[in-house]
Amino acid sequence: MDTVEAPFTADQAASIRGYQQSGVLRPFACARDDCPAHTWRGRSWLLCDEDGLFCPAPGCGYRQAWALAFMADWAWQGMRRAGRDRRRVRRLMRGAWGKARRVQAPY
Ligand SMILES: [Zn+2]
């Protein structure tokens with residue numbers, strides 16, 4: 001699964017913001033263990049602008065300068081429509097989050 005690197009275009013940032021709020025798959029969350037905003041399952045969902053994804057918690061400052069390609073080109077909207085095809089969604093999630101874990105490994 002391909003990744004895209006910041007800086008994002010305005011359209012990519014808008015797509016990523018939409019994805020983060022869509023509930024299609026699990027959104028990116030703050031990777032700081034000591035983030036001051038412990039929300040859902042202890043993590044704060046990231047927001048996104050053209051400089052990259054960032055944690056909205058005051059005083060956190062966590063940033064992530066990449067996203068998965070399907071999050072940035074509106075392809076996730078097609079995945080929403082696949083919501084009833086649970087096998088397909090699980091396969092997409094395994095691919096996406098396997099990649100995310102590999103890329104995020106330094107945290
Ligand atoms: Zn944070």
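Just above, that's the structure.
Residues numbered from 1 in each chain as written. Predicted model: local features only at pLDDT ≥ 70, side-chain atom pairs only at ≥ 80, totals over all residues.

**What about the nonpolar core?**
(1) Moving on: If you look at the biggest cluster of nonpolar residues, it comprises 19 residues, and the most contacted ones within it are Ile-16, Leu-46, Leu-53, Ala-67, Met-71 and Trp-76.
(2) Moving on: For this core, the secondary-structure elements that each account for two or more residues are helix H1 (10–22), strand S5 (66–68), helix H2 (69–72) and helix H3 (76–81).
(3) Moving on: Once you skip the residues sitting within four places of it in the chain, Leu-53 turns out to touch Ile-16, Phe-28, Leu-46, Leu-47, Cys-48, Arg-63, Gln-64 and Ala-67. (Core = buried A, V, L, I, M, F, W, Y, C linked by C-beta atoms within 7 Å. Buried ≥ 20, exposed ≤ 12 C-beta atoms within 10 Å, placed from the backbone. Helix = DSSP H or I, 4+ residues; strand = E, 2+ residues; numbered from the N terminus. Contact = placed C-beta atoms within 7 Å.)

**A few points about the sheet that holds strand S4 (residues 63–64)**
(1) Moving on: Taken in spatial order, the 3 strands make up an open sheet running S2-S3-S4, and their pairing is antiparallel. Two strands in the sheet have a free side with no partner beyond their single neighbour: strand S2 (47–49) and S4.
(2) Moving on: As paired strands, S2 and strand S3 (residues 52–54) are joined by 3 bridges and run antiparallel to one another. Across the sheet, the residue bridging to Asp-49 is Gly-52, located in S3.
(3) Moving on: Contacts from H1 reach S2 and S3 within the one sheet, and its direction differs from that of S2 by about 170°. (Pairing = 2+ DSSP bridges. Axes fitted to C-alpha atoms, helices over the stretch in contact; angles between N-to-C directions.)

**Structural notes on unusual backbone geometry**
(1) Moving on: Geometrically, the link from Ala-6 to Pro-7 is a cis peptide bond, its omega value of 5° lying close to zero.
(2) Moving on: One non-glycine residue, Trp-74, adopts positive backbone phi at about 70°.
(3) Moving on: In this fold, Trp-74 is placed in the loop between H2 and H3.
(4) Moving on: Residue Trp-74 is classed as partly exposed on the basis of its C-beta count, with 15 C-beta atoms lying within 10 Å.

**Some details on the environment of Thr-9**
(1) Moving on: Position of Thr-9 among the secondary structure elements: in the loop between strand S1 (3–5) and H1.
(2) Moving on: What makes Thr-9 exposed here is the crowd of 11 C-beta atoms within 10 Å.
(3) Moving on: Sequence separation between Thr-9 and Glu-50 is 41 residues, and the spatial gap between their C-alpha atoms is 6.0 Å.

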